[in-house]
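Letter by letter, the chains look like this.
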Amino acid sequence: MNKKILILPGDYIGSEIMAEAVKVLALFKDEGEPIEWTFGHLGGAAYDAEGHPYPPSTQQAARAADAILMGAVGGPKYDALPRELRPERGILGIRKDLGLFANLRPALAYEALSAASSFKPEVIAGLDILILRELTGDIYFGEPRGRRTTADGHAEGYDTMHYSAPEVERIAHVAFQAAQKRSKRLCSVDKENVLETSRLWREVVTRVGAQYPDVALEHMYVDNAAMQLVKRPKQFDVIVTGNIFGDILSDEASMLAGSIGMLPSASLDVNNKGLYEPIHGSAPDIAGQGKANPLATLLSVAMMFKYSFDRADLSDRIEAAVQQVLDQGLRTGDIAQPGEPVIGTVAMGDAVVAALRR
Ligand code: IPM
Ligand code: MG
């Protein structure tokens with residue numbers, strides 16, 4: 001039976017980068033891989049087409065798919081919509097609906113791009129971090145949330161941060177197991193000196209850690225982690241943290257890699273069904289101009305083959321092809337040095353496909 005992939009290009013540059021991903025899928029299909037794909041709407045595109053950022057048609061297709069490839073959602077066209085119809089609700093909705101609680105965000109420093117990074121080469125050379133972000137809990141989804149009026153008549157907004165022990169346990173297991181496959185070091189990031197949520201987080205992670213005596217567990221406060229990431233990033237291997245801290249730290253870590261245009265991500269459920277997306281946004285400023293860097297999307301395709309289809313061989317091929325085009329000096333605008341020649345989205349995608357054929 002063919003593996004079913006649902007493609008959700010989303011908004012702005014989403015369809016441009018996804019067109020390059022489809023070229024890679026088509027190549028593998030030609031080689032005989034049992035895959036098939038269909039397209040659906042998510043985010044602003046879904047609101048335009050069906051009146052909701054995560055419409056029932058997408059829900060059905062997403063539940064039936066073996067894996068989902070997503071571009072990016074959001075943008076100024078949708079900023080004035082009520083919150084529950086905003087494109088962001090689409091991505092948050094699909095994460096929650098499919099139980100995609102484990103978000104893997106690797107940050108790799110490509111040697112070929114070290115000049116594009118704002119860090120000194122020695123700080124980032126050889127950097128290889130995996131951030132594991134819990135994705136379906138925390139203040140992102142906590143109730144109650146809303147607006148109210150205080151006793152003295154001021155408008156007030158409020159959100160609720162919480163984690164239950166089972167929620168922390170399952171992401172902790174994913175993190176320890178990831179650490180076992182890497183350097184056997186895990187750093188859990190929290191704000192235990194202030195937050196009750198974090199006190200529980202730390203207790204549970206420590207307890208789960210007893211089952212993984214081969215992994216060295218360290219705890220770090222999130223403010224310190226933010227600082228250590230730019231000071232001495234290579235001290236980290238696997239980082240596990242909650243939803244909101246992970247959102248922030250993973251954007252920070254992306255800068256170590258040279259460009260946010262290079263970083264893929266995987267969001268997995270308990271059975272390794274996953275949604276794969278570049279961690280960058282929909283880039284309205286360059287949309288429709290063929291300038292977007294498709295490499296994070298192609299690396300997301302690589303993660304899909306590895307995690308959802310158990311095909312590390314195909315994943316390795318894509319990663320090697322990306323490495324080759326970078327070594328050839330091919331650059332989209334976001335990773336080019338001043339004065340360096342720049343190619344567009346389509347040329348970059350074609351170059352990766354050509355490298356895959358070699
Ligand atoms: C991310 C994004 C999303 C998030 C937004 C678009 C809701 O920033 O995937 O990191 O905050 O999770
Ligand atoms: Mg984010």
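Residues numbered from 1 in each chain as written. Chains lettered and ligands numbered in written order. Predicted model: local features only at pLDDT ≥ 70, side-chain atom pairs only at ≥ 80, totals over all residues. Heavy atoms only, no water.

## Side note on the domain arrangement of the protein
Inference 1: Domain parsing of the protein yields domain 1 (1-107 + 263-358) and domain 2 (118-257).
Inference 2: Together, Phe101, Arg105 and Ala107 form the three largest contributors to the area buried by domain 1 at its contact with domain 2, with a combined 40%.
Inference 3: Every element with two or more residues in the side of domain 1 that touches domain 2 is listed here: α4 (87-97) and β4 (102-108).
Inference 4: Split by residue class, the side of domain 1 that touches domain 2 holds 9 nonpolar, 3 polar and 4 charged. (Domains from an automatic or database assignment. Buried area = accessible area lost by both parts, 1.4 Å probe. Helix = DSSP H or I, 4+ residues; strand = E, 2+ residues; numbered from the N terminus. Nonpolar A, V, L, I, M, F, W, Y, C, P; charged D, E, K, R; others polar.)

## A word on the nonpolar core
Inference 1: One finds Leu69, Met262, Leu295, Met304 and Phe305 to be the most contacted residues of the largest nonpolar core, which totals 84 residues.
Inference 2: When residues in this core are grouped by element, the largest group, 8 residues, is from helix α10 (residues 295-307).
Inference 3: Residue assignment places this core across two domains, with domain 1 (1-107 + 263-358) and domain 2 (118-257) each supplying three or more.
Inference 4: Apart from residues lying up to four places away in sequence, Leu295 is in contact with Gly261, Met262, Val322, Val325, Leu326, Ile335, Met348 and Val352.
Inference 5: Counting 14 residues, the second largest nonpolar core, distinct from the first, contains Leu42, Ile91, Ile94 and Leu98. (Core = buried A, V, L, I, M, F, W, Y, C linked by side-chain atoms within 4.5 Å. Buried < 20%, exposed > 50% of the residue type's maximum accessible area, 1.4 Å probe, protein only. Contact = heavy atoms within 4.5 Å.)

## Points about the site of ligand 1
Inference 1: For ligand 1, the full set of nearby residues is Glu88, Arg95, Arg105, Arg133, Tyr140 and Asp247.
Inference 2: A distance of 2.8 Å separates an oxygen atom of ligand 1 from a polar atom in the side chain of Arg133.
Inference 3: Side-chain polar atom of Asp247 to an oxygen atom of ligand 1: 2.9 Å apart, as the coordinates give it.
Inference 4: Isolated, ligand 1 exposes 320 Å² of accessible area, and the fraction of that covered by the protein chains is 74%. (Near = heavy atom within 4 Å. Polar contact = N/O pair within 3.5 Å; in protein donor to acceptor, adjacent residues only side chain to side chain. Areas by Shrake-Rupley, 256 points an atom, 1.4 Å probe, with all protein chains shown as cover.)

## Some thoughts on the pairing of strand β7 (residues 155-158)
Inference 1: Pairing analysis gives 4 bridges linking strand β6 (residues 146-149) to β7, with the strands arranged antiparallel. Opposite Arg147, over in β7, you have Gly157 as the bridge partner.
Inference 2: Hairpin connection between β6 and β7: a loop of 5 residues separates the two successive antiparallel strands, and Gly153 in this loop has a positive phi of roughly 85 degrees. (Pairing = 2+ DSSP bridges.)

## What about the packing of aromatic side chains?
Inference 1: Counted under the stated rule, the structure contains 4 aromatic pairs.
Inference 2: Geometrically, the ring pair formed by Tyr163 and Trp201 is tilted, given 5.2 Å between the ring centres and 55 degrees between the ring planes. Pair noted here: Tyr163 is in the loop between β7 and α6 (165-181) and Trp201 is in helix α7 (residues 196-209), with a separation of 38 residues, a long-range link.
Inference 3: Residue Tyr163 is classed as buried on the basis of its relative accessible area, which comes to 9%.
Inference 4: Geometrically, the ring pair formed by Phe176 and Tyr212 is stacked, given 5.0 Å between the ring centres and 5 degrees between the ring planes. Separated by 36 residues along the polypeptide, Phe176 in helix α6 and Tyr212 in the loop between α7 and β9 (216-221) bring together distant segments of the chain. You'll find Phe176 and Tyr212 in the same group, each marked buried.
Inference 5: A cation sits over an aromatic face here: Arg133 above Tyr140, 5.3 Å from the ring centre. (Phe/Tyr/Trp six-rings, centres within 6.5 Å; stacked < 30°, edge-to-face > 60°. Lys NZ or Arg CZ within 6 Å of the ring centre and 35° of its normal.)

## Quick word on unusual backbone geometry
Inference 1: Cis geometry is found at the peptide bond from Glu143 to Pro144, where omega equals 0 degrees.
Inference 2: Residue Asn272 is not a glycine yet carries a positive backbone phi of 65 degrees.
Inference 3: Its place among the elements puts Asn272 in the loop between β11 (264-268) and β12 (274-278).

## Brief notes about the pattern of salt bridges
Inference 1: Applying the stated criterion across every chain yields a total of 18 salt bridges.
Inference 2: One salt bridge in this structure joins Arg317 and Glu31, with 2.9 Å as the shortest N-O distance. Of this pair, Arg317 sits in helix α11 (residues 312-327) while Glu31 sits in the loop between α1 (14-30) and β2 (35-39), and the two are 286 residues apart along the sequence.
Inference 3: You can call Arg317 partly exposed: its relative accessible area is 29%.
Inference 4: Within this structure, Glu20, Lys23 and Asp350 form a network of salt bridges that share partners. (Salt bridge = Lys/Arg side-chain N within 4 Å of Asp/Glu carboxyl O.)

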